[in-house]
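Descriptive analysis of the structure
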Amino acid sequence: MHPYQYIPATNITEAVSLLARYGPRARVMAGGTDLLVQLRGERYELDAVVDAKAIPELMALTLAKDGALSIGAAVPCYQVYEDEAIVAAFPGIIDAASLIGGIQVQSRASLGGNLCNATPSADGICPLIVHSGVVTLTGVGGTRTMLVEEFTTGPGRNALAHGEMLVKIDLPKPAAHFGAAYQRFIPRNEMDIAVAGVASAVTLDASGQKIESARIALASVGPTPIFAKKASDFLAGQPATEETYAKAGEVASTEATPISDMRGTIEQRHHLVGVLTRRTLAQAVQRARGNS
Amino acid sequence: MTTTEKPQEFKVVGTRPIRHDGIDKVLGRAVYGSDVRLAGMIYGAVLRSPYAHAKITKIDTSKAEAMPGVFAVMSGKDMPLVASGALDLGETVDDTAFTSDRVMAHDKVVFKGHPVAAVAAIDQNTGLEALKLIEVEYEVLKPVISLEDAMAPGAVVIHEGLIGDDLGEKVNNTNIAVHNRSEFGDPEAAFAKSATVLERTFIISRAHQGYIEPHASTAFWAPDGKITVWTTTQAPFGVRKTVSALLEQPLSDIKVIPTEIGGGFGGKIPVYLEPVAAVLSKKAGRPVKITMDRRAVFEASGPGPGGTIKVKMGVDDKGKITAATADIRYGAGAYPGASINPATAGIFACYEVPNVRIDSYDVVINMSKTAAYRAPGTPQATFASETLVGELCEIIGMSPMDFHLLNVSREGTRRPDGPVFPRIGNEACLEAIQGSEHFKSTLEPSTESKLRGRGMASGYWNGIGNKSSVTINVNEDGLVSLIEGNPDIGGTRTTIAMQAAEILGLPAEDVHPAVGDTDSIGYSDLTAGSRTTYATGTAAIEAAKMVIDEMKKRVAMIWETEYGNIEHVDGLFVSKVAPDHKFTFKEAAGKLGQTGGPVAMTGTVNVRGSGGGSFGTHLVDVEVDRDTGKVEILRYTAAQDAGKAVHPSYVEGQFQGGAVQGIGWALNEEYYTSDDGVMVNSTFLDYRMPTSLDVPMIETIIVEVANTNHPFGVRGIGETSIVPPAPAVANALANAIGVRLYQTPMNPGRILEALATKKTGK
Ligand SMILES: Cc1cc2nc3c(=O)[nH]c(=O)nc-3n(C[C@H](O)[C@H](O)[C@H](O)COP(=O)(O)OP(=O)(O)OC[C@H]3O[C@@H](n4cnc5c(N)ncnc54)[C@H](O)[C@@H]3O)c2cc1C
C-alpha cells in the first residue's frame, strides 16, 4: 500500500485548501468505513487523507425549531438513530442509518460518506432522496447546493468539483401526514449488499386515504441511485390502496436499469423493484397515518 | 462386544467438563498461526498469477531484490525439481511433483492465484510493494473451467504429463485423471423390471470451508540445516513429510510445531506456505512468516469440488429399491484428487441396493486444487441421491420416512461399492427423527405470501482409523500430563483427555492435555476423517492402561506383594490379600520416586477402519417468501449416531456446525466464476455463508449405537452432519414451492425463476 499522510483538519477552509492542493491524490475521511477498506484493497492510491471529524460543521446534527433537519457530512449513523425526535420525524433516514453495517460500523459510518461514496447499492442515498434532501458543497471558490438525486453521477462518482467537499445534508420539515420507509433485499439477514432497494415517501390528505404526493427512489438497479419520477408522479392523487402500490411498483420497475452480476440478475432486480415499491409504500402509508 | 451386551457404564465419558483450552481461547492468549513472533522475524509475501492458465515466459526479480527492506526473493527455480511420486498424507495420496508445482509454479500457471514468486521483507507492506517490482511475462492460454470443456474430445490439455486412468487403462492427453467404476448385479435388467424409474442430473457448486483463520506459516532454516516450521495445520506430520519431499531435506531435520487452529474442515490438510517460507528463510537467514489474505484463501486454497451428478433409481410397486446407478463428475481443480471414492462409498450407503453401478470421474480444470471439505465428496453426491429419493417418493406417493425405513441399510448390508456393514446406526437415526417432537409437529400451512415446506434426508460418512500416539506422564502430585499429536479443531484435546481419565480413574480436569510438535510425540496421522476422538482416543486408552499397569507394579512393590494381587477399582489401588491396603492415584503417584522413578507411557495404535461410520438423518422446515424467493429456515433437527458421545456438548456442536455449513452450501454459497476462471466473489461479503442471524438453533438428537471397533463404543462424528442438509433443504423447498431445483445454490434468484416456470407451466 502506498504511504499517505493523515491530516486531521479543524475547519472547512483548511480542508478544502488541502483538497485543492493535493487534487485527486487526497480524499476526505468521515467514518472511513469505505475509504480505509478501499485503500487497503488498493482500489486507488492517495498521498493524503483529510480527516473531517474535527470540523465542527461536519459533526453537527441539528433538528431546527421549524422542524428541518441538518445532518453534518461526518455525523455517524448511531447519532441519527439515537435521537428520538429525528426517529419520529424522519423514518426513512432511520431505516437506512440502522441498516448500514452493524453496531460497530454504525458508530463510525456517516450518511455523508455513504452519499459521497456514491455506490448504486448505498442504503443511505435513496432515503435522503425521498426526504427531498439538499446537499451543501463547499470549495475554495465558494458554496453551492443541489438536490441529493443530482449529486451522484455514476458508480463511485459524484458532483464534487476539484477542491470541493460535502458539508451537510439538509432535509426540509416533513409535511403533515408524511411517512417514509426504506427496504432492501438481501439473500441473508445481515452483512450483505442490496440486490435491490427502494425508498418511498408519501404525503396523505387529511383523511389518510388519498396520496397527495409521493417520492420513490431505487437502489442497486442502475449506475446511480435512481429518483423514480414516473412512479412518484403516478402516485399523486391516487387512493392509498394495495392496487395503487402494485401499479406504482410496475411503473417503478420500468425506471430501473439494472445489470446482472454475482448479486442478482436483471429480471430478478426488475421484479424486486416492484415488490419493494409495494412494500415500502404500504409501510410509508402506515407511518403517515400514525403521523397526524 | 455383541448387540445384546449391556451398555458400558462411565464416570467421565459422557459428561460435559469445561474444555482445557477454554480459558486461553476466551482470553485471547491462544497462539494461532499469525500470532507467531520470533526474534529477527521478517515477513513474506506471495506474488500470484492473474491468469487461470498461462505459460510463464519470463520472471525478472532484480528490481525487487534491490529494493531497500527486501531480504530475499524466490520463484519456482529456487525449488528442487522433484520427481513425480506418491505423497501419502494419511487420508489422501498426492503427487510430489504436482504438489511442488502447486506450491510455486515452475513454468506454467494453472489457476488464478497460483504462486509465481515470493519475497521476504522487513515488514508486510514493504513485501507487498516489492511484489509490484517483480516482472512476470505470461503467454496466456485458453482456460478450461467447465467440466464439459475439460472432458470434451480435443479439449485443451492442462497437464501434458498427466496420464489418466480410465478404468485401469492409461490415457495420454487428457484432463480426466481418473475414471472409476463400482458395479454389482445387473442394474439395466432390474430397471426394466421396475415399477418406477427416475433419473435426474444435479449440479453442485464448489464450496469453501470458510474457516475464519487464514493460512499462516512461519519457517526458520537454521545454518545447520535444521528446519523449524510453525503453522496452522490439521496435519503436522503431513507437513513434515511434504516439506521434506518438496525441499529434498531429511525428514528428521524438520520439526513442525502446530499452532492453535482457527478452523480447517479439511482445508488445512494441504501444504501451501510452509516450503515457501522455508526457502525464503534459507536465503534471508532469518525466520519468515507468511499469511494469506482472504482473497488468496478463496482463490488459491482448496474448497470442496463442484460437479455434475446423474442419478437413476428404480423401485418395485412396494417402493423397494431394485437398482441404482450414478455418474459422478467432480472438478478437482488444477491437479487431480477430487475425493471421488468417498462419493462412491456414500452416494447410496443409506440403502440396500441389490443392483448398482457407480461411475466417477476426477477431472482437472483451471481452478485452485480442491481439498478435503468435511466428509469430502459426499455432500455433493448425496445432494443428488437424496433429492432424487425425495422426488421419487412424491411420484410413488410414499412418505420419505417409510421409504428410508423400507430400504434401510443395516448390519450385514453390502455397501453399494463393496464393504459389508458391521453394526451401524442408520435405522436408529431414522427412528430418532420419527420419534422427535419436530417430526410429529404439524407444519403451519402456507399462505398467499409465505410458502412452507418440510424435508428430510439421510447421510453417511465412513471416516478412518489409522495411526496415533499418545504419551502420558504421571506427575508427583498425582495429576497427569498428556501429549498427543493431533491439532485440536473440534475439542479433541478434551475428548482424548477424558478417555484417558476414564481409565485412570481421574476427573477430566486432572489430565492436562497438550498438542505436541513432531519431535515431542510419536507419529500421528492428521486431524481429519473423523478419526481424532476415535483413533487418538484409542491411543490414549492404551497409554492410560499402560500407566495403570505400571502403577500397579509400583504399588505391589510398596506393599511387598505380587503384582497379580493389585487391583485398580473405582480409581483406587487395592490389594486382594490385604483389604486395608488402599491408595488413591495421587497417593501412589507421590511414591513413584521410591519405587523406581517416573512413569511415562506412550500408547501407539494403528486402528483399522472406522467400525462402520456414522449415519445421520436431518429434518428441516423452510419458509419461502413468494415475492422475493428468500428462504428462512424455520426449524432444523439433526439426529446422528455417535456410538458413544464422549463430550455430548462437542458432539452437538459438530452436528450443528455441519448442518449450518450444509445449509449455506444449499442456499447461497458458490464460486461465482467468470469465463476466464476468476472467482468474482472472493470476499466474505459476497461469498454468502450463513451468519448467526440466518439459522435457527439447530436441534440435535445424539443416537448411540456402540461402535464395535472402539473400547468405549465411540464413533467419529465430525463430518456426517454436512451430508444431509443440502438434500433435506432441497426436499423441503420442493414441498414448499411445488417445483424442484436440481442445482445449488438454491438462491432467491433461482427460486423466483422456478416459481415463474411453475406459473407459466413451462
Ligand atoms: C462491515 C461493513 C458493512 C457495511 N454495510 C453497509 C450497508 O449495509 N449499507 C451500505 O450502504 N453501506 C455499508 N457499508 C459501507 C459504508 O459503511 C457506508 O457506505 C458508510 O455510510 C460510509 O460512511 P463513512 O463515514 O465511513 O465514509 P468514508 O469511508 O469516510 O468515506 C466514503 C467516501 O466518501 C468520501 N467522503 C466522505 N466524506 C466526505 C465529505 N464530507 N466530502 C467529500 N467526500 C467525502 C471519502 O473520501 C470516501 O471516498 C459497510 C461497510 C462495512 C465495512
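Residues numbered from 1 in each chain as written. Chains lettered and ligands numbered in written order. Predicted model: local features only at pLDDT ≥ 70, side-chain atom pairs only at ≥ 80, totals over all residues. Heavy atoms only, no water.

**With respect to the overall build of chain B**
Looking only at helices and strands, one finds 20 helices and 30 strands in chain B. Scaling as 2.2 N^0.38, a compact globule of 762 residues should have a C-alpha radius of gyration of about 27 Å, and chain B matches this with 27 Å. On the principal axes, the C-alpha backbone points of chain B span a range of 90 × 75 × 50 Å. In chain B, once contacts between residues fewer than 6 apart in sequence are set aside, the share between residues at least 24 apart is 79%. (Helix = DSSP H or I, 4+ residues; strand = E, 2+ residues; numbered from the N terminus. Rg over C-alpha atoms; globule rule 2.2 N^0.38 Å. Contact = heavy atoms within 4.5 Å.)

**Observations concerning the interface of chain A and chain B**
Listed by partner, the interface residues are 22 residues for chain A and 24 residues for chain B. Between chain A and chain B the total buried area reaches about 2100 Å² when both faces are included, carbon and sulfur atoms providing 47% of it. Interface area lost by chain A to chain B is led by A:Arg188, A:Asn189 and A:Met262, which between them contribute 33%. At the junction of chain A and chain B, the tally comes to six salt bridges. For the salt bridge of A:Glu42 with B:Lys132, the shortest nitrogen-to-oxygen distance reads 2.9 Å. If one sorts the elements of the side of chain A that touches chain B by residue count, helix H13 (residues 266-289) of chain A sits on top with six residues. (Buried area = accessible area lost by both parts, 1.4 Å probe. Salt bridge = Lys/Arg side-chain N within 4 Å of Asp/Glu carboxyl O.)

**Examining the site of the ligand**
All names here are of chain A. By nearness alone, 28 residues border the ligand, and Val 28, Thr 33, Asp 34, Ser 110 and Asp 123 come closest of all. Arg 27 is positioned such that a nitrogen or oxygen atom in its side chain is 3.2 Å from an oxygen atom of the ligand. Separating an oxygen atom of the ligand from a backbone N or O atom of Val 28 is a distance of 2.5 Å. Secondary structure elements with two or more residues in the shell around the ligand: strand S2 (26-29), helix H8 (111-117) and strand S10 (164-171). Residues that form the shell around the ligand fall into these classes: 15 nonpolar, eight polar and five charged. Residues lining the shell around the ligand come from more than one domain, with at least three contributed by each of domain 1 (5-51) and domain 2 (56-171). (Near = heavy atom within 4 Å. Polar contact = N/O pair within 3.5 Å; in protein donor to acceptor, adjacent residues only side chain to side chain. Nonpolar A, V, L, I, M, F, W, Y, C, P; charged D, E, K, R; others polar. Domains from an automatic or database assignment.)

**Side note on the sheet that holds strand S6 (residues 108-109) of chain B**
The strand order across the open sheet built from three strands is S6-S2-S8 (chain B), with neighbouring strands paired in antiparallel fashion. Either end of the sheet is taken by a strand with one partner, and the two such strands are S6 and strand S8 (135-140) of chain B. (Pairing = 2+ DSSP bridges.)

**So, the domain arrangement of chain A**
Here the domain parsing of chain A yields domain 1 (5-51), domain 2 (56-171) and domain 3 (178-289). The centre of domain 1 of chain A, based on its C-alpha atoms, is set 34 Å off from the matching centre of domain 3 of chain A.

**Observations concerning the pattern of salt bridges**
By the definition in use, this model includes 53 salt bridges over all chains. When the shortest N-O distance is used, the salt bridge between A:Arg279 and B:Asp627 registers 3.4 Å. Placement of the pair is A:Arg279 in helix H13 and B:Asp627 in the loop between strand S28 (614-625) and strand S29 (631-641), with the two residues belonging to separate chains. What makes A:Arg279 partly exposed here is its relative accessible area of 26%. What makes B:Asp627 buried here is its relative accessible area of 18%. (Buried < 20%, exposed > 50% of the residue type's maximum accessible area, 1.4 Å probe, protein only.)

**Brief notes about the state of the cysteines**
Residues and elements named next belong to chain B. One pass over the full model with this rule turns up zero disulfides over all chains. Here Cys 350 is not disulfide-linked; the sulfur of Cys 429 is the nearest cysteine sulfur, at 9.3 Å. Note on Cys 350: relative accessible area 5%, which makes it buried. (Disulfide = S-S within 2.5 Å.)

**Looking at the domain arrangement of chain B**
Residue and element names in this part refer to chain B. Taken domain by domain, chain B holds domain 1 (1-7 + 422-463 + 612-762), domain 2 (35-142 + 210-300) and domain 3 (464-607). If you look at the interface, domain 1 gives 12 residues, while domain 2 gives 10 residues. Ranking the residues of domain 1 by area buried against domain 2 places Gln 661, Ser 682 and Phe 684 at the top, with a combined share of 48%. Connecting domain 1 to domain 2 are zero salt bridges. In the side of domain 1 that touches domain 2, the residues fall into seven nonpolar, four polar and one charged.

**A closer look at the packing of helix H11 (residues 378-396) of chain B against helix H19 (residues 725-737) of chain B**
Residues and elements named next belong to chain B. Relative to each other, H11 and H19 sit at 30°, their axes nearing to 8 Å. Taken together, the axes of H11 and H19 are roughly parallel relative to one another. Note on packing geometry: the crossing formed by H11 with H19 is right-handed. Where H11 abuts H19, its residues Thr 382, Phe 383, Glu 386, Thr 387, Gly 390 and Glu 394 lie against Ala 726, Pro 727, Ala 730, Asn 731 and Ala 734. Counted by class, the contact of H11 with H19 contains five nonpolar, four polar and two charged residues. (Axes fitted to C-alpha atoms, helices over the stretch in contact; angles between N-to-C directions. Parallel < 35°, antiparallel > 145°, perpendicular 65-115°, else oblique. Left-handed = near helix turned anticlockwise from the far one by under 90°.)

**Structural notes on H19(B)**
All names here are of chain B. Taking 1.5 Å per residue, 13 residues should reach 18 Å; H19 reaches 18 Å between its end C-alpha atoms and fits that length. Across the 13 residues that make up H19, a large majority, 12, are buried. Those residues of H19 that sit buried are Pro 725, Ala 726, Pro 727, Ala 728, Val 729, Ala 730, Asn 731, Ala 732, Leu 733, Ala 734, Ala 736 and Ile 737. Trailing H19 by a residue or two, Gly 738 shows a phi angle of about 75°, which is positive. (Expected span 1.5 Å × (residues − 1).)

**Considering the pairing of S29(B)**
Note on strand geometry: in a regular strand, side chains alternate between the two faces of the sheet. All names here are of chain B. In terms of burial, S29 is a largely internal element, nine of the 11 residues being buried. Pairing analysis gives nine bridges linking S28 to S29, with the strands arranged antiparallel. By the bridge assignment for S29, Glu 623 is matched with Glu 632. In textbook terms, the turn of a hairpin is the stretch between consecutive antiparallel strands, and for S28 and S29 this stretch comprises five residues, one of which, Gly 629, has a positive phi near 80°. Of the strand pairs in this sheet, S29 and strand S30 (residues 699-703) are connected by five bridges, and their pairing is parallel. Each residue of the ladder has a partner; that of Thr 637, found in S30, is Glu 699.

**Let's talk about the sheet that holds S10(A)**
All names here are of chain A. The antiparallel open sheet is built from five strands, whose spatial order is S4-S5-S10-S6-S7. Single-partner strands in this sheet number two, and they are strand S4 (61-63) and strand S7 (142-147). Along the sheet, successive strands turn relative to each other by an average axial angle of 20°, direction set aside. Relative to S10, strand S6 (residues 134-139) runs antiparallel, the two sharing six bridges. Each bridged residue has a counterpart across the sheet, and for Val 134 the counterpart in S10 is Asp 170.

**Considering the nonpolar core**
By size, the foremost hydrophobic cluster in this structure holds 102 residues, and its most contacted members are B:Phe348, B:Phe403 and B:Leu733. Broken down by element, the residue count for this core peaks at eight residues, all from H19(B). When we break this core down by domain, the ones giving at least three residues each are domain 1 (1-7 + 422-463 + 612-762) and domain 2 (35-142 + 210-300) of chain B. Ignoring any residue separated from it by four or fewer positions in sequence, one finds B:Leu733 in contact with B:Val622, B:Val624, B:Val631, B:Leu667, B:Gly738, B:Val739, B:Leu741, B:Met746 and B:Ile751. Ranked by size, the runner-up nonpolar core spans 55 residues in total, among them A:Ala26, A:Ala73, A:Cys77 and A:Ala201. (Core = buried A, V, L, I, M, F, W, Y, C linked by side-chain atoms within 4.5 Å.)

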